[in-house]
Amino acid sequence: MRVIIMGCGRRGSALAAMLDSEGHDVTVLDIDAAAFSFLPDSFGGTEIVANGTDVDSLRRAGIEQADAFVSTTRGDNRNVMAAQMAKHIFNVSRVITLVHDPIREEMYRSLGLRTVSPTRIVAQSLKEALLAEESMPEPSLSRGEAPQGGNEG
Amino acid sequence: MIVGGGKIGYFLARQLLEDQHEVLIVEQNAEKAAQIAEDMGEIVMIGDGCEAATMERAGMGRADMAIALTGDDEDNLVVCQVAKHKFNVPHTIARINNPKNERIFKMLGIDATISSTGVILAHIEQELPSHPMIPLMTLKGGGLEIVEVKIPPDAQVVGKPVKSILLPQKSLITLIIGADGQARLPTGDTLIQAGDEIVAVTMLDSEDALRSALTGMPAPQRY
């Protein structure tokens, strides 16, 4: 699969590295060349310093041949604009965008964008972790005992 | 409702107030907001105009028109989309900085876009004979526009009657301005001459087809 990833922060670079190691053809865009240092040395994809909300830059990144586009920057507005360009101008078949603000996420989802909300996901996992913690017994260390899973067995 | 209290927002608000409209400016920068309040009264709210919550507080649901004037195209797009889809604002207008963004804004249903870069570019193009087609005006609804095409001396249509030209669908030649500056209303038998400026109504997506039908030139590289 040929994938373009906009934004090479922690999330974008992690996704890029994962897809690259699984053999996909990955191109990463970022407006800051320093961001590419998040990528592992083994990364074999393409890095382009470009603004993903500009049609010329998207074309330069090869969006006309891409199978998928993912926007992962911290800016919701940049993300949804680039995603809508990929979807409506370049007819990329798989377009996914991060939207941090849950209200905007809901609206863009209803407009037909495939959205992922880190805010919602993180809040959900924090809640699950918290509730799981609650149902567990007190950690033994707090009572001054030896750590569990020692050599007794 | 104006989002963005920079120079354009400031002078636009002043003009609109003079014309007796009810205006509210949403501006993020407290200093700018204070300046506006000092000059024009309590017509300004401090906040991020891209946040639905801010729009709610500002009363976006009652607005007849949302005008997004920030310096960032992506913010202007989102302001208009949220105003339109979440608050059912009937008219949305966006300032755009990159003229190539006009297309995506139109596709996404923003009612009007204003690009100062585009306006200056259009003026330059009007002075340059190398650009054979100039979009003059976009007509409301239906994706129609009025364009002007200059007939180059070597075009195939030179010396031929209007009725012999194979125009794209829903395109119509409405006026011919001769090289001498005389305008004539064309009939099917009117002959096209080199240097004629043809004013035509066409569909936005038939622009290129119309250009090549009249000039025989391929479309320039577009976005």
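Residues numbered from 1 in each chain as written. Chains lettered and ligands numbered in written order. Predicted model: local features only at pLDDT ≥ 70, side-chain atom pairs only at ≥ 80, totals over all residues.

**Q** With reference to specific residues and values, describe the overall build of chain B.
**A** Secondary structure summary: chain B contains seven helices and 11 strands in total. Going through the 223 residues of chain B one by one, you find that 30% of them count as buried. Relative to all contacts within chain B whose residues are 6 or more apart in sequence, the contacts with residues 24 or more apart total 52%. (Helix = DSSP H or I, 4+ residues; strand = E, 2+ residues; numbered from the N terminus. Buried ≥ 20, exposed ≤ 12 C-beta atoms within 10 Å, placed from the backbone. Contact = placed C-beta atoms within 7 Å.)

**Q** Describe the overall build of chain A, with residues and values.
**A** Each helix and strand counted, chain A has five helices and six strands in total. When the helices and strands of chain A are placed in sequence order, the string is β-α-β-β-α-β-α-β-α-β-α. When the 153 residues of chain A are sorted by exposure, 34% land in the buried category. A separation threshold of at least 6 residues defines the contact pool for chain A, and within that pool the share at least 24 residues apart is 46%.

**Q** Break down the sheet that holds strand 9 (residues 172-177) of chain B for me, citing the residues and quoting the values.
**A** Residues and elements named next belong to chain B. Pairing is antiparallel in the open sheet, where five strands are placed in the order 7-8-11-9-10. The strands lining the two open edges of the sheet, one partner per strand, are strand 7 (133-138) and strand 10 (183-184). Sheet topology note: the strand 9/strand 11 (residues 197-203) ladder contains five bridges and is antiparallel. Bridging across to strand 11, I177 finds its partner in E197. (Pairing = 2+ DSSP bridges.)

**Q** Describe the interface of chain B and chain A, and please don't skip the residues or the numbers.
**A** Each side of the interface is counted separately: chain B has 17 residues, and chain A has 16 residues. Per element, the largest residue contribution to the side of chain B that touches chain A is eight residues, and it comes from helix 4 (residues 73-87) of chain B. Grouping the amino acids of the side of chain B that touches chain A by side-chain chemistry returns nine nonpolar, two polar and six charged. (Nonpolar A, V, L, I, M, F, W, Y, C, P; charged D, E, K, R; others polar.)

**Q** A description of the packing of helix 3 (residues 76-89) of chain A against helix 4 of chain B should follow, citing residues and the corresponding values.
**A** Look at helix 3 of chain A against helix 4 of chain B: their axes get within 8 Å of each other, and the N-to-C directions meet at 80°. Overall, the two elements helix 3 of chain A and helix 4 of chain B adopt an arrangement that is roughly perpendicular. Across from A:N77, A:R78, A:V80 and A:M81 in helix 3 of chain A, the residues of helix 4 of chain B making contact are B:E74, B:D75, B:L77 and B:V78. Among the residues making up the contact of helix 3 of chain A with helix 4 of chain B, the classes are represented as four nonpolar, one polar and three charged. (Axes fitted to C-alpha atoms, helices over the stretch in contact; angles between N-to-C directions. Parallel < 35°, antiparallel > 145°, perpendicular 65-115°, else oblique.)

**Q** Hey, could you go over the nonpolar core for me, with residue numbers and the actual values?
**A** With 60 residues, the main nonpolar core has A:I4, A:F69, B:A66 and B:V79 as its most contacted residues. Apart from residues lying up to four places away in sequence, A:F69 is in contact with A:I4, A:I63, A:A83, A:A86, A:V92 and A:V95. Counting 14 residues, the second largest nonpolar core, distinct from the first, contains B:I151, B:I173, B:I198 and B:L214. (Core = buried A, V, L, I, M, F, W, Y, C linked by C-beta atoms within 7 Å.)

**Q** If you had to explain helix 1 (residues 10-21) of chain A to someone new, which residues and values would you point to?
**A** Owing to its 3.6 residues per turn, the α-helix brings residues three or four apart onto one side. All names here are of chain A. An ideal rise of 1.5 Å per residue puts 16 Å on 12 residues; helix 1 measures up with 16 Å between its terminal C-alpha atoms. Every buried residue of helix 1 is accounted for by G12, S13, A16 and D20. Axial view of helix 1: buried residues confined to an arc of 95°, hence all on one face. Among the exposed residues of helix 1, those pointing more than 90 degrees away from its buried face are R10 and M18. Structurally, helix 1 contributes buried residues whose contacts are with strand 1 (2-6) and strand 2 (25-30). (Expected span 1.5 Å × (residues − 1). Arc of directions from axis to C-beta.)

**Q** Which residues make up the sheet that holds strand 5 (residues 94-98) of chain A, and what values do they have?
**A** Residue and element names in this part refer to chain A. Read from one edge of the open sheet, six strands run 3-2-1-4-5-6, paired in parallel fashion. Of all strands in the sheet, those with a lone pairing partner are strand 3 (46-49) and strand 6 (114-116), marking the two edges. Adjacent strand axes in the sheet meet at a mean angle of 20°, parallel and antiparallel pairs treated alike. Inspection of the sheet shows strand 2 paired to strand 3 by four bridges, in the parallel sense.

**Q** Describe unusual backbone geometry, and please don't skip the residues or the numbers.
**A** With a phi angle near 50°, A:N91 is a residue other than glycine that sits in the positive phi range. Note on placement: A:N91 falls in the loop between helix 3 and strand 5. The exposure class of A:N91 is exposed, given the 10 C-beta atoms found within 10 Å. Phi at B:N88 is positive, roughly 50°, even though this residue is not glycine. Position of B:N88 relative to the elements: it lies in the loop between helix 4 and strand 5 (91-95).

**Q** Could you give an account of the environment of B:T174, naming the residues involved and the relevant values?
**A** All names here are of chain B. With respect to the helices, strands and loops of the structure, T174 is situated in strand 9. With 26 residues separating them along the chain, T174 and A200 place their C-alpha atoms 5.3 Å apart. Residues contacting T174, with those up to four places away along its chain left out, are V199, A200 and V201.

**Q** Residues and numbers for the confidence of the model for chain B, please.
**A** Taken as a whole, chain B shows an average pLDDT of 87; of its residues, 92% reach a score of 70 or greater. Overall fold confidence for the complex sits at a pTM of 0.70, while the interface term, ipTM, reaches 0.80. (pLDDT = per-residue confidence, 0-100.)

**Q** Before we move on, can you summarise the pairing of strand 11 of chain B with the specific residues and values?
**A** All names here are of chain B. Of the two faces of strand 11, only the one carrying I198, A200 and T202 is buried; E197, V199, V201 and M203 on the other face are not. Sheet analysis places strand 8 (residues 144-150) next to strand 11, joined by seven bridges and oriented antiparallel. Residue pairing in the sheet places L144 in a bridge with M203 of strand 11.

**Q** So, helix 7 (residues 207-215) of chain B: which residues are in play, and what are the values?
**A** Residues and elements named next belong to chain B. Turning to helix 7, its buried residues are E207, L210, R211, A213 and L214. Taken down its axis, helix 7 places every buried residue within 165° of arc, on the same side. Phi turns positive one or two residues past the end of helix 7, at G216, with a value near 75°.

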